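In case you want the letters, here they are:
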Amino acid sequence: MQDKYYELTITLDDTYVDFIADFIANIYGEGLELGTGKIIVRSESDLTFVKDALVSLAGTLSNAIKMDYTLEEKENIDWIKTYQDSIQPIEAGKFYIFPSWYAPKEECINIKIDPALAFGSGHHATTFSCLEAISTYVDAGKSVIDVGCGSGILGLACKKLGANVELCDTDPLSVESCKENFTLNEETYDKLWEGSIDKAEGTYDIVIANIIADVLRFIAKDLKSACKEDGLLILSGILDKKENLVVESFKELTLVQRILKDEWVTLVYKKEING
């Protein structure tokens, strides 16, 4: 262990803490600490790249999420162990999400996620709600695309249920994270690519997109085109105050279910035949 480490503190509206932590977890392979209106990232390596990635993300979102950054060099401690000790497994729908030092649960469908990716493993309200929806709507043999796959947990859940799974993400680090987690769980996907739904070559029984409302609206046409007639779209990452933007973009589809958890909305739509 080195004598020094780097600590990046991000101060932001508390509403977005989980969302930004989830984003960081997909590009950085160690621990995070969450507080009220605050995220702390620690590493023995320089964390400037994390700050730069957040600045880029904020720009992509037209600076809708305001963040302040403090990057410091400090005396080292065993913060990785402290972080790991704080992570608990969770149950979401049919699934049990657990870090490697816990035992699997016989009565659940088990998904192992490394502790570094815990905030991409069901603890976030949107991921939790998606896992509940997947438990209800995904069956063996169905074709599924996970758009903006991040850690790959939603695609993994679908694969555990016997679905044929393709995944994509515009972030190359998320693509690598997804590969690693499929390997960790001894599962295989059908296709995985860097990019978005516009690169899909076929159509799917179920289209899953756990992103954010503004992006869902932007790619709505591609998401709907990728869904087979009589198929489903599971859309998440939607703050309740942004829900109307998504509802308007998918208004020609039939709303099957709305799940609300901690100010985050998941919408399940059906694409009716000739709809």
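Quick caveat, the model's predicted, so the values are computed rather than measured.

## Quick notes on unusual backbone geometry
Right, so step 1: In this model, glutamate 186 sits at a positive phi of 55°, which is unusual for a non-glycine residue.
Right, so step 2: The phi torsion at glutamate 263 lies on the positive side, around 75°, for a residue other than glycine.
Right, so step 3: Here glutamate 263 lies in the loop between β13 (254-261) and β14 (264-270).
Right, so step 4: The class for glutamate 263 is partly exposed, based on a relative accessible area of 45%.

## Here's the deal with helix α4 (residues 125-137)
Right, so step 1: For α4, which comprises 13 residues, the first-to-last C-alpha distance of 18 Å matches the rise-based estimate of 18 Å (1.5 Å per residue) to within 8%.
Right, so step 2: Of all 13 residues in α4, 11 are buried, a share of seventy percent or more.
Right, so step 3: Taken together, the buried positions of α4 are occupied by Ala125, Thr126, Thr127, Phe128, Ser129, Cys130, Leu131, Ala133, Ile134, Ser135 and Tyr137.

## Concerning the pattern of salt bridges
Right, so step 1: Using the criterion set out here, one finds 17 salt bridges in the structure.
Right, so step 2: In this structure, aspartate 205 and lysine 228 form a salt bridge, with 3.7 Å as the shortest nitrogen-oxygen distance. Placement of the pair is aspartate 205 in strand β11 (residues 204-210) and lysine 228 in strand β12 (residues 227-239), with a sequence separation of 23 residues.
Right, so step 3: In this structure, glutamate 252 and lysine 224 form a salt bridge, with 2.7 Å as the shortest nitrogen-oxygen distance. On the criterion of sequence distance, the pair formed by glutamate 252 in the loop between α9 (243-249) and β13 and lysine 224 in helix α8 (residues 220-226) is long-range, its members being 28 residues apart.
Right, so step 4: A relative accessible area of 43% places glutamate 252 in the partly exposed class.

## Looking at the sheet that holds β11
Right, so step 1: Taken in spatial order, the 7 strands make up an open sheet running β10-β9-β8-β11-β12-β14-β13, and their pairing is mixed. For this open sheet the edge positions go to β10 (191-194) and β13, each flanked by a neighbour on one side alone. When the angles between neighbouring strand axes are averaged without regard to direction, this sheet yields 15°.
Right, so step 2: Summarising the sheet, strand β8 (residues 143-147) and strand β9 (residues 164-169) pair through 5 bridges and their orientation is parallel. Bridged to valine 144 within β9 is valine 165.
Right, so step 3: Relative to β13, α4 is tilted by about 140°, and along the sheet it contacts β11, β12, β13 and β14.
Right, so step 4: Against the sheet, helix α5 (residues 153-160) contacts β8, β9 and β11, and its axis sits at roughly 175° relative to β9.

## Describing the environment of isoleucine 219
Right, so step 1: Within the secondary structure, isoleucine 219 sits in the loop between α7 (213-218) and α8.
Right, so step 2: Note: C-alpha distance between isoleucine 219 and serine 249 (30 residues apart in sequence) is 9.5 Å.

## Things to note about the sheet that holds strand β4 (residues 67-75)
To summarise the sheet geometry, strands pair through backbone hydrogen bonds and adopt either a parallel or an antiparallel arrangement.
Right, so step 1: Strands sit in the order β2-β3-β1-β4 across an open sheet of 4 strands; the sheet is antiparallel. A strand with exactly one partner marks an edge of an open sheet, and here the two such strands are β2 (32-35) and β4. Taking the axes of each pair of neighbouring strands and ignoring which way they run, one obtains an average angle of 20° across the sheet.
Right, so step 2: Of the pairings in the sheet, the one linking strand β1 (residues 4-12) to β4 comprises 9 bridges and is antiparallel in character. Across the sheet, lysine 4 pairs through a bridge with glutamate 75, a residue of β4.
Right, so step 3: Most of the contacts of helix α1 (residues 17-27) go to β2, to which it runs at about 175°, and overall it touches β1, β2, β3 (38-43) and β4.

## Side note on the packing of aromatic side chains
Right, so step 1: Summed over all chains, the structure comprises 5 aromatic pairs.
Right, so step 2: Geometrically, the ring pair formed by tryptophan 101 and tyrosine 102 is tilted, given 6.4 Å between the ring centres and 45° between the ring planes.
Right, so step 3: Given a relative accessible area of 27%, tyrosine 102 falls into the partly exposed group.
Right, so step 4: An angle of 20° between the planes, with centres 5.8 Å apart, marks the rings of phenylalanine 250 and tyrosine 269 as stacked. With a gap of 19 residues between them, phenylalanine 250 in the loop between α9 and β13 and tyrosine 269 in strand β14 connect regions that are remote in the sequence.

Criteria and cut-off values
- Residues numbered from 1 in each chain as written.
- Predicted model: local features only at pLDDT ≥ 70, side-chain atom pairs only at ≥ 80, totals over all residues.
- Heavy atoms only, no water.
- Helix = DSSP H or I, 4+ residues; strand = E, 2+ residues; numbered from the N terminus.
- Buried < 20%, exposed > 50% of the residue type's maximum accessible area, 1.4 Å probe, protein only.
- Expected span 1.5 Å × (residues − 1).
- Salt bridge = Lys/Arg side-chain N within 4 Å of Asp/Glu carboxyl O.
- Pairing = 2+ DSSP bridges.
- Axes fitted to C-alpha atoms, helices over the stretch in contact; angles between N-to-C directions.
- Contact = heavy atoms within 4.5 Å.
- Phe/Tyr/Trp six-rings, centres within 6.5 Å; stacked < 30°, edge-to-face > 60°.

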